[in-house]
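Survey of secondary and tertiary structure
Each chain, written out:
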Amino acid sequence: MKSTPYYWPAWILLGLVGLTSLLFGAGTLELRQAFAVLAGQGTEEARFIVLELRLPRLAIGLVTGLALGVAGALLQTLTRNPLAEPGLLGVSAGSAFAVSLAILAGASTATLTTLVSQAGALAGCGLVILATRIQGVGQDPVRLVLAGATLSALLMSLTSLIMLIDQRAADEIRFWITGSIAGKNWEQLTTTLPTLVISGFIVIAVAKPLASLALGERVARGLGHRPGLVQLGVVIAVALLTGSATALAGPLMFVGLVVPFVARALGGADIRKTLWLCLPLGPAMIIAADTLSRLLVAPSEMPLGVITALLGAPVLLVIIRTRRIPTL
Amino acid sequence: MRILQTDFSFRHLLGSLAFMVAMTASLAHADTREIATAYGPVSINGTPERVVTLYEGALDAAIATGVKPVGAVITRGGTGVAEYIQEKAGNVEIVGAPGEINIEAVVGQNPDLILASSRLTEEQYALLSRIAPTIVPDFPTLSPETWKKETRLFSLALGREEAGTNIIDTVEERTLEVAALVEKHLGDTSTNTAVIRWMPQGPVVMSEDLFSSGLLAATGFEVNAADIVKEGRPHSHPLSQENLGMIDHPWIFLATLNADGDEALAAARKSHAFQRLQANRNDRIITVNGQLWSSASGPLAALQILDDIADAMKSRSSATQ
Amino acid sequence: MSTTPARTYWHLQAQQRQFSLLIEKRALIVNLLLAALLVFCSLASLAFGTLTIPLSGLMQTLLGNGSGMHDFVVTELRWPRLLAGGLTGAALALAGCLMQTLARNRLATPGIIGIDNAATAFAVASVVGTGISIAPPAMALTGAAIATALAFGLSGATGTRGYRFIIAGLAIGAISGAITQVMLSSVALDDANAAYPWTVGSLNARTDGSVQALAAGLALGYPLALALKRALVTLQLPEPVTISLGIHPGRVRLAGLVLSILLTGLAVAVAGPIGLVALLAPEMARTLSRPGTVPLTAAALTGAILMVISDLAGRLILAPLEIPVGIVTALAGSPYLLWILLRKSSDINQ
């Protein structure tokens, strides 16, 4: 199923983006020095910047991008809606709200567990699926997206309220909510790994039945799949993936929209091809956005969520320009 | 008899004249005074009794000169007045936040004097000045000398000029003491330092012109925010971890909003970048209260900050020797 | 045989006249009731706050012989705020009602299609001192106009059904929101605090100038909207019918759109993005009015009522601290919007 001509170029693209992210940053480190580190030499400070600051960011970008890209592709196939995206539908907002509640209750973002974030994502995901079950909403992509956007707005105003009531929480939430993968270390990455592995297995298990489900529930049943079980699997996978990504990077909009869109444009509508292409493309988008966030306002950094919104929203415009929305 | 009487009345006259002169003088001096503010001269009669402070520096100056305000705004990053002054302020009524003054609540306190910050807008002044004489300082916001000028101004408005002068003298004496202590304990380490906050993304560097930075400078430190906090960004600015070298000074003052500074320090120490700071390796990270160090101002805040510096010098020098 | 069409026509006209009279009557009653409710809410807004003014004190102040303290609180603090809130709500509701009608979509309101966010981004640019010294109202208007032009331009002509238009607006709103974030994150903390009301919608950051501009805009826009009303009603009919009635749908849409942008931009300049009022108020007004009408006046009154109540709630709940009115409307309004969206057999297209 990898047989699309774009599959390997996509990995090469990811490689190039990753290399760039190691070589360029907000610091005054010279390019020559960064190269030296990659060649196994370099000064102690250069090694620190490249290997201990930029490399973990690269790794976290990899994981976040992978999770959001795959979650978006799954959700879009399940709801048959090319606009269904964890960020737009309120799954990320659910996750963010849960984290805000945890911060209000006394947790600190530094010591926060992934679990809270995933629980919030699961709740958000459940609401989305409930909404698609309502007559008329599942068939109407715009209504689903608007319902999601409204849910996001509701949760975001609740978060604003929390920030208003508790100023200490506000301080922590403000820095987290705009999205960033700076300052994370391997430890935080490893806390999300078990759930990522679990969702990986789920994705492998549901990819084929999901592809036949795209042909209609009756066809899927005829092929011996159980649509209810497949849907449940997808919901859990999306929640685990989005929850992990949000715990690592804060709520990021549009990544789950842009990546599967590009993947489908390159590889066609089959979910398995889309998923294979999302593997390199998701990380490439996050890592490119993160590199930009470091370069634009050096010596400071820009919030990552702002960059993904600025990159992603125009793609949304392109989608509605070039496609008839209600088909997938 | 006549002479005596004349003498007496003459004396009497002289006496009452002297009394009247003294009275007029004291009236002009203490009972009606004209105060220059950002929005023109304001005249105040007598000793105000119901004072509302809309600025942390004003609350501090009022309490330092012996006046307990009836209303005050919350501190930035808190839900009441700043911790360091809570006890002295007692059950002062909250009348809003620094950026969002609740004028109704000010009216509710029925004040006879309002002390505000130089950031008060003209629209707000127009309303507040109708409730009570409103003092808006006209000094540059971020300058190490500003708090002294403000304290003099506020104490004059409160009719406690002498107390104001005294407390400023006390702070200056204490500054010299602490400066001597710093010189003694700093030894041959460089005097460079920075005041930062540590977020998971990296450091937020406080301006060199901040109130607490000014006191550090007065005690002999060289506060070096490495030009990160640019003009037009007066308070603080985030810095990328890659540029940590710009603030890798021998001493770092770490402002925290958590009640427990050790907890915040432990959280920051999880970061590999933070671990590399020479101040961290040499145990010269000094955790300080963020409310006090990043948003307070005034003589009492100054004394508290100076105490923090002195404590740090005593504990750290013994630790490193 | 040849007289029958004429008779029917005459008859139909007579029926229509009767019909339209009925509408007028119901609309009149609804508007009077809403006006009474607005007066009641306004009185409550004048009486309650951090300080409570007893009814007798309020009456004396309104009659011109109240005590100094009551006078000050009512006339200097609460009345200007009430005015700003009421005007903002009315303007947003009118703008929403116009846009819903001309896009033939109940969700096509300034907040949803990103006009609010764009206007806010432009207004914030002038507040945080990016070197732009144009007054916030002018900036907000520019932002509103650009966003609307983009939303319509990118989604095809003005006549298209709501789908693309709304999604385009969503994207524009997201971009504007991100730009606002960038501007706020790159300025000083204190300035960012000053600009905070702009990101959530608050009546605290208003200037007298922007309220006056809004009042002037409403004084101009409301009669114009009423003048457009008949043409707007026919827009709900199929296009050939509209054209056969001698109305140019394109011109009517353009006029309605311009009015809508004007009112939204001026309202945002006063209070920031308070989007859901523009959706909820016309929605409520429609349930009160007869189907098939464009209840402009009822929507404006409802919008004013919503804003006045929300602002009062925001001032009371956490007193002496204040919840920005935009958060109150979002919290109260979004469940209602969700209900509209998820209700079975609901049709968002009119």
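Residues numbered from 1 in each chain as written. Chains lettered and ligands numbered in written order. Predicted model: local features only at pLDDT ≥ 70, side-chain atom pairs only at ≥ 80, totals over all residues.

Side note on the interface of chain C and chain A
We count it as follows: Residues are defined as contacting one another if the C-beta atoms placed from their backbone atoms lie within 7 Å. Think of it this way: any DSSP run of H or I at least four residues long counts as a helix, any run of E at least two long counts as a strand, and we number them from the N terminus. Side-chain classes follow a simple rule in which Ala, Val, Leu, Ile, Met, Phe, Trp, Tyr, Cys and Pro form the nonpolar group, Asp, Glu, Lys and Arg form the charged group, and the remainder, Gly included, forms the polar group.
Taken together, the contact pairs 32 residues of chain C with 35 residues of chain A. Listed by contribution, the elements that provide at least two residues to the side of chain C that touches chain A are helix H6 (162-185) and helix H13 (325-342) of chain C. With 13 residues, the single largest contributor to the side of chain C that touches chain A is H6(C). Taken together, the residues of the side of chain C that touches chain A sort by class into 23 nonpolar, seven polar and two charged.

Description of the packing of helix H8 (residues 208-235) of chain C against helix H10 (residues 249-271) of chain C
All names here are of chain C. Quick reminder of the rule: The angle between two axes is taken between their N-to-C directions and runs from 0 to 180 degrees, where each axis is a line fitted to C-alpha atoms and a helix contributes only its stretch in contact. Each angle gets one of four labels, with under 35 degrees taken as roughly parallel, over 145 as roughly antiparallel, 65 to 115 as roughly perpendicular, and the rest as oblique. A clockwise turn of the near helix away from the far one marks a right-handed crossing, whereas an anticlockwise turn of less than a right angle marks a left-handed crossing.
With their axes 9 Å apart at the nearest point, H8 and H10 run at an angle of 155° to one another. Compared by their axis directions, H8 and H10 come out roughly antiparallel. For the pair H8 and H10, the sense of crossing is left-handed. Contacts between H8 and H10 pair Ser210, Val211, Ala213, Leu214, Gly217, Gly221, Leu224, Ala225, Leu228, Ala231, Leu232 and Leu235 from the former with Pro249, Val252, Ala255, Gly256, Leu259, Leu262, Leu263, Leu266, Ala267, Ala269 and Val270 from the latter.

Some thoughts on helix H3 (residues 68-103) of chain C
Residues and elements named next belong to chain C. Rules: In this analysis, the expected span of each helix is defined as 1.5 Å times one less than the number of residues it contains. Throughout, the bend at a residue refers to the angle made by two axes, fitted to the seven residues ending there and to the seven starting there. Three exposure classes are used, all based on how many other C-beta atoms lie within 10 Å of a residue's own C-beta (placed from the backbone): buried at 20 or more, exposed at 12 or fewer, and partly exposed between those limits.
With 36 residues, H3 extends 51 Å between its outermost C-alpha atoms, agreeing within 8% with the 52 Å of an ideal straight helix rising 1.5 Å per residue. Arg78 marks the point of greatest bend in H3, at about 40°, and the proline Pro80 comes within the next four residues. Of all 36 residues in H3, 27 are buried; the element is thus mostly enclosed. Positive phi shows up at Arg104, right after H3, with a value of about 55°.

Thoughts on the domain arrangement of chain B
Residues and elements named next belong to chain B. Basically, it comes down to this: Domain start and stop points were drawn from an automatic or database domain assignment.
Taken domain by domain, chain B consists of domain 1 (30-159) and domain 2 (173-320). Inter-centroid distance (C-alpha atoms) of domain 1 to domain 2 is 29 Å. In this assembly, 20 residues from domain 1 lie in contact with 22 residues from domain 2. Of all the secondary-structure elements, those providing two or more residues to the side of domain 1 that touches domain 2 are helix H2 (56-64), helix H3 (83-89) and helix H6 (146-157). Per element, the largest residue contribution to the side of domain 1 that touches domain 2 is six residues, and it comes from H2. Grouping the constituent residues of the side of domain 1 that touches domain 2 by class yields nine nonpolar, seven polar and four charged.

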